[in-house]
There are 2 protein chains.
Amino acid sequence: MTYCLALQLRDHLIFASDSRTSAGVDNINVYSKMFLFEADKDRFIAILTAGNLATTQAVLSQIQRDLDNPHAEESLRTVDYLFDAARYVGGISRAVQAEYEEALTRIKSSAEASFIVGGQINGRPHNLYLVYPQGNCISASPAAPFVQIGETKYGKPILDRVITPETPVGDAMRCALMSLLSTMRSNLSVGLPFEIAVYRRDTFRLERRTILDQDSDLLKEMEESWSAGLRQALSALPRFEWEEDTVLLRDASRQ
Amino acid sequence: MTYCLALQLRDHLIFASDSRTSAGVDNINVYSKMFLFEADKDRFIAILTAGNLATTQAVLSQIQRDLDNPHAEESLRTVDYLFDAARYVGGISRAVQAEYEEALTRIKSSAEASFIVGGQINGRPHNLYLVYPQGNCISASPAAPFVQIGETKYGKPILDRVITPETPVGDAMRCALMSLLSTMRSNLSVGLPFEIAVYRRDTFRLERRTILDQDSDLLKEMEESWSAGLRQALSALPRFEWEEDTVLLRDASRQ
């Protein structure tokens, strides 16, 4: 499994992912799940992948092949809208899945994959799309300014509570990291290193890319600070009525 | 869907659940998902349910029927170990599911249900079991002092970070509530009111039962306090190196 997410802020897009892939718990590898296209000056497109690794690699390979081919009918270079890029990725994904679906169903496995396609094409707003295994897609919106793929549930509550288009980019990056950390802590199939990429609108190139692995002091400090902060938030919650006595006793014992 | 959880503390068991059941989003009802057996002086047994409502109701009906029947071969009244209670519930559940499985599979639905069986039988430790749809079960342990059924993922990170057998009972109840609230916020199928029941070991009766609905001021205060606390925890996290300038600018703007 995998967990990738992307946030849509007023002036930025943030892409974050773990790097663990596995074919069963005894076969765990580290692959980057981010594909960044910033070769052309009029567009920046990031693709994040989750699901069957053979499918996602075949899809990325086809995307690269189309970019290398100056006569390709369609590629990340030719699309006019980010929606077209998402539709294009979804189409390749569906074709790859169709090729292996029967064989994989026979061994009770699945060729399914999902993608986040985000970025900006000159003259259009920056945006994010979630591409489903069926090839269709939905975009992020100011009311729902993030998309997730893979193991999405553990890390969703923190995003639901915090992320708005106005969240400052540093805070949003920290929030994305905490969403990844919480997921990793609760689910073995999501693992370090974490990758975070930041795009600032109208620049058409990556602004920042950070990779945090198990030796990262920053990550350790964040994990400790977050655990302490959560305990503090919990202990600041209002008491139940029946606890009044208990609280008084606690206070008394402090004197 | 549903979300139920139970925590095993040194001296207490805490049972918590939402109350929403649905057969599709246009058919939503409120049912209690807690069944409490405290009629006998030598035992306290709580059963929490998730999954197909017809299955869980049929299971609870059979449990009650066995309790009403003084000649029943096995019931919550006759079992010697809590494990036997869990195995007994799992057996009834499997039998009920078997009756409807084929008809439900035909309409791409499922008869599956899962249960939390917790409590204490005199002379034995207090304990919790998670009963799978297949009827087998696992118990909580000091290293994993909680069990969850239903929509479990959204609310797991907070439990993973906070709950140990030594967590004070009030804090553990708050943590269970936050786990429920986070799940409700991220998933429409989990809804108010929330029920929380507390058992203190060696008492063989319920110590406390709280129902919190949408009119609950406590719940509103908790929700606000928790959101504020999370934002505070986030803003207390260490900065990225590249933010140093930004921070200085922010500080300067405050003067």
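Attention here is on the structure that accompanies the text. (Residues numbered from 1 in each chain as written. Chains lettered and ligands numbered in written order. Predicted model: local features only at pLDDT ≥ 70, side-chain atom pairs only at ≥ 80, totals over all residues. Heavy atoms only, no water.)

**Regarding the side chain of Thr167(A)**
Residues and elements named next belong to chain A.
Right, so step 1: Tracing the sequence through the fold places Thr167 in the loop between helix H3 (156-162) and helix H4 (169-186).
Right, so step 2: At a separation of 3.5 Å, a polar atom in the side chain of Thr167 contacts the main-chain carbonyl oxygen of Val162.
Right, so step 3: A distance of 2.9 Å separates a polar side-chain atom of Thr167 from the backbone nitrogen of Thr164.
Right, so step 4: Each residue touching Thr167, except ones within four places of it in the same chain, is listed here: Leu9, Val162 and Ala172. (Helix = DSSP H or I, 4+ residues; strand = E, 2+ residues; numbered from the N terminus. Polar contact = N/O pair within 3.5 Å; in protein donor to acceptor, adjacent residues only side chain to side chain. Contact = heavy atoms within 4.5 Å.)

**Some points on the packing of aromatic side chains**
Right, so step 1: Applying the stated criterion across every chain yields a total of 8 aromatic pairs over all chains.
Right, so step 2: Taking 6.4 Å as the distance between ring centres and 50 degrees as the angle between the ring planes, the aromatic pair formed by Phe15(B) and Phe44(B) counts as tilted. On the criterion of sequence distance, the pair formed by Phe15(B) in strand S2 (residues 12-17) and Phe44(B) in strand S6 (residues 43-51) is long-range, its members being 29 residues apart. Here Phe15(B) matches Phe44(B) in class, with each residue buried.
Right, so step 3: Between Phe44(B) and Tyr199(B) the ring centres are 4.6 Å apart and the planes differ by 0 degrees, which places this aromatic pair in the stacked class. Separated by 155 residues along the polypeptide, Phe44(B) in strand S6 and Tyr199(B) in strand S11 (residues 194-200) bring together distant segments of the chain. Judged on exposure class, the residue Phe44(B) and its partner Tyr199(B) are both buried.
Right, so step 4: Put simply, the rings of Phe15(A), Phe44(A) and Tyr199(A) pair up and form one aromatic cluster.
Right, so step 5: Of note, Arg124(B) hangs over the ring of Tyr81(B), and the distance from its end group to the ring centre comes to 3.8 Å. (Phe/Tyr/Trp six-rings, centres within 6.5 Å; stacked < 30°, edge-to-face > 60°. Buried < 20%, exposed > 50% of the residue type's maximum accessible area, 1.4 Å probe, protein only. Lys NZ or Arg CZ within 6 Å of the ring centre and 35° of its normal.)

**Remarks on the interface of chain B and chain A**
Right, so step 1: Counting residues at the interface gives 42 residues for chain B and 42 residues for chain A.
Right, so step 2: Summed over the three residues of chain B that lose the most area to chain A, namely Arg161(B), Arg174(B) and Phe240(B), the buried surface amounts to 20% of that side.
Right, so step 3: If you look at where chain B meets chain A, you find 8 salt bridges.
Right, so step 4: Residue Arg161(A) pairs with Glu223(B) through a salt bridge whose shortest N-O separation is 2.8 Å.
Right, so step 5: Connecting chain B to chain A are 12 residue pairs in polar contact (both at pLDDT 80 or more).
Right, so step 6: Among the secondary structure elements, those contributing two or more residues to the side of chain B that touches chain A are helix H3 (156-162), helix H4 (169-186) and helix H5 (217-235) of chain B.
Right, so step 7: Here the side of chain B that touches chain A is composed, by residue class, of 21 nonpolar, 6 polar and 15 charged. (Buried area = accessible area lost by both parts, 1.4 Å probe. Salt bridge = Lys/Arg side-chain N within 4 Å of Asp/Glu carboxyl O. Nonpolar A, V, L, I, M, F, W, Y, C, P; charged D, E, K, R; others polar.)

**Let's talk about the environment of Arg185(A)**
Right, so step 1: Its place among the elements puts Arg185(A) in helix H4.
Right, so step 2: Separated by 31 residues in the primary sequence, Arg185(A) and Tyr154(A) have C-alpha atoms spaced 9.3 Å apart.
Right, so step 3: The contact partners of Arg185(A), leaving out residues within four places of it in the chain, are Glu223(A), Ser227(A), Asp160(B) and Arg161(B).

**Regarding the sheet that holds strand S12 (residues 206-212) of chain A**
Residue and element names in this part refer to chain A.
Right, so step 1: Strands sit in the order S10-S1-S2-S11-S12 across an open sheet of 5 strands; the sheet is antiparallel. Because the sheet does not close on itself, it has two edges, and the strands there are strand S10 (146-150) and S12. Pairs of neighbouring strands in the sheet enclose a mean axial angle of 10 degrees, with direction left out of account.
Right, so step 2: As paired strands, strand S11 (residues 194-200) and S12 are joined by 6 bridges and run antiparallel to one another. Across the sheet, Glu195 pairs through a bridge with Ile211, a residue of S12. (Pairing = 2+ DSSP bridges. Axes fitted to C-alpha atoms, helices over the stretch in contact; angles between N-to-C directions.)

**Thoughts on the pairing of strand S2 (residues 12-17) of chain A**
Residues and elements named next belong to chain A.
Right, so step 1: Here S2 lies mainly inside the structure; 6 of its 6 residues are buried.
Right, so step 2: Because side chains alternate across S2, one face comprises the buried residues His12, Ile14 and Ala16, and the other comprises Leu13, Phe15 and Ser17, equally buried.
Right, so step 3: In the sheet, strand S1 (residues 3-8) pairs with S2 via 5 bridges, with the strands oriented antiparallel. Its bridge partner being in S2, Ala6 is matched across the sheet by Phe15.

**A word on the relation of the copies chain B and chain A**
Right, so step 1: Overlaying chain B on chain A yields an RMSD of 0.0 Å, the required transformation being a rotation through 180 degrees with an accompanying axial translation of 0.0 Å. In the structure described here, the two chain copies are related by an operation that fits a two-fold rotation axis. Taking the C-alpha atom as reference, chain B places Tyr154(B) closest to the rotation axis, 2.3 Å from it.
Right, so step 2: Comparing contact sets, 100% of the residues at the interface of chain B also lie at the interface in chain A, consistent with an isologous, same-surface contact. (Least-squares fit on C-alpha atoms with pLDDT ≥ 70 in both.)

**Brief notes about the sheet that holds strand S9 (residues 137-139) of chain B**
The strands that make up a sheet are held in pairs by hydrogen bonds between backbone atoms, and each pair lies either parallel or antiparallel.
Residue and element names in this part refer to chain B.
Right, so step 1: One open sheet accounts for 5 strands, arranged S5-S6-S7-S8-S9; its pairing is antiparallel. Where the open sheet ends on each side, the last strands, each with one partner, are strand S5 (34-37) and S9. Taken pair by pair, the neighbouring strands of this sheet meet at an average axis angle of 20 degrees, ignoring direction.
Right, so step 2: Pairing geometry for strand S7 (residues 113-121) and strand S8 (residues 127-131), over 5 bridges, is antiparallel. The partner of Ile116 across the bridge, within S8, is Leu130.
Right, so step 3: Relative to S6, helix H1 (residues 53-68) is tilted by about 160 degrees, and along the sheet it contacts S5, S6 and S7.
Right, so step 4: Packed onto the sheet, helix H2 (residues 82-106) meets S6, S7, S8 and S9 and runs at close to 155 degrees relative to S7.

Geometric values such as these leave the question of function open.
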